[in-house]
Every structure is written in structure tokens, then in C-alpha cells.
Amino acid sequence: MFHVSHLKPFHEDAEAPKRGKSHRAPAYMTTSFDKEVDSIEAKREVRKKRISRYTEYFVKWKGLPASEASWEKEESLWQFKGKIAELEQGELARATRMSRT
């Protein structure tokens, strides 16, 4: 145990902003997938009474039929942040095209 007075404020390194960022799973994370994501098809926000809202993504797994696609929590997909970014960029592009018409 330690007292809060021993803590120091965090200062990001301006020269190397990625320094200190881990590429491993977060300490609280226990989910790890042994299969690969083919694509992320959709995103939804789940809201339930007495539970904090959270985001899920509809994942199509590589080498599996479409019937095996599943909704996975955002926190569980820490290995596939690039695929999530692709979906977000695609949604942004679609929204931009829709607003122009």
C-alpha cells in the first residue's frame, strides 16, 4: 500500500508521444481471440438498466461462414483496433456522401 501523496502527475513526452504505450492487452483484459477478423460489419451501442452503456461490433471471422459472425464488445477486440478504425472511416465517408445529396 502507498499513500496518495506519493503519486506524481503524468506528463506526456512531446518528442515521442507513443513512448510508454503498451501493445499488450490491458491488465484487466482476459479475452483473447485465436481467430482472425475478416471484417467488422456494424457497430451498436447497448444500453441496459443499471448497467453502463457499451459498444459492440458485428465481427465476420476469417475462414468461417457468415452464420458464425458474432457481436463482440469493444473491449474484447483490443487486438483488432485497425479493423475498428476501418469501419469508423467507412461510416464517416458514407455519412459525408449522404449529407451531400
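All of these numbers come straight from a predicted model, not from anything done at the bench.

A. Geometry of the packing of aromatic side chains. Applying the stated criterion to the full structure yields two aromatic pairs. Aromatic pair F58 and W71: ring centres 5.1 Å apart, planes at 50 degrees, arrangement tilted. Within this pair, whereas F58 is found in strand β2 (residues 51–61), its partner W71 is found in strand β3 (residues 70–73), the two being separated by 13 residues in sequence. Classification of F58 as partly exposed rests on a relative accessible area of 26%. With a centroid separation of 6.4 Å and an interplanar angle of 75 degrees, the aromatic rings of W61 and F80 are classed as edge-to-face. Placement of the pair is W61 in strand β2 and F80 in the loop between β3 and α1 (81–100), with a sequence separation of 19 residues.

B. Expanded view of the side chain of T55. You can see T55 is positioned in strand β2. Take T55: its relative accessible area is 14%, and that puts it in the buried class. When residues no more than four places from it in sequence are discounted, the contact partners of T55 are K43, R44, E45, E72, K73 and E74.

C. Representation of the side chain of E56 in the model. Within the fold, E56 resides in strand β2. What E56 contacts, discounting residues up to four positions off in sequence, is A42, K43, R44, V46, W71, E72, K73 and E74.

D. Just the pattern of salt bridges, in detail. According to the stated counting rule, one finds five salt bridges in the structure shown. Across the pair E36 and K62 runs a salt bridge, and its minimum N-O distance is 3.5 Å. Within this pair, whereas E36 is found in the segment before β1 (37–48), its partner K62 is found in the loop between β2 and β3, the two being separated by 26 residues in sequence. Overall, the relative accessible area of 46% leaves K62 in the partly exposed class. One network of salt bridges, in which partners are shared, links E45, R47 and R53.

Rules used throughout
Residues numbered from 1 in each chain as written. Predicted model: local features only at pLDDT ≥ 70, side-chain atom pairs only at ≥ 80, totals over all residues. Heavy atoms only, no water. Phe/Tyr/Trp six-rings, centres within 6.5 Å; stacked < 30°, edge-to-face > 60°. Helix = DSSP H or I, 4+ residues; strand = E, 2+ residues; numbered from the N terminus. Buried < 20%, exposed > 50% of the residue type's maximum accessible area, 1.4 Å probe, protein only. Contact = heavy atoms within 4.5 Å. Salt bridge = Lys/Arg side-chain N within 4 Å of Asp/Glu carboxyl O.

Scope: geometric values only; no functional claims are made or implied.
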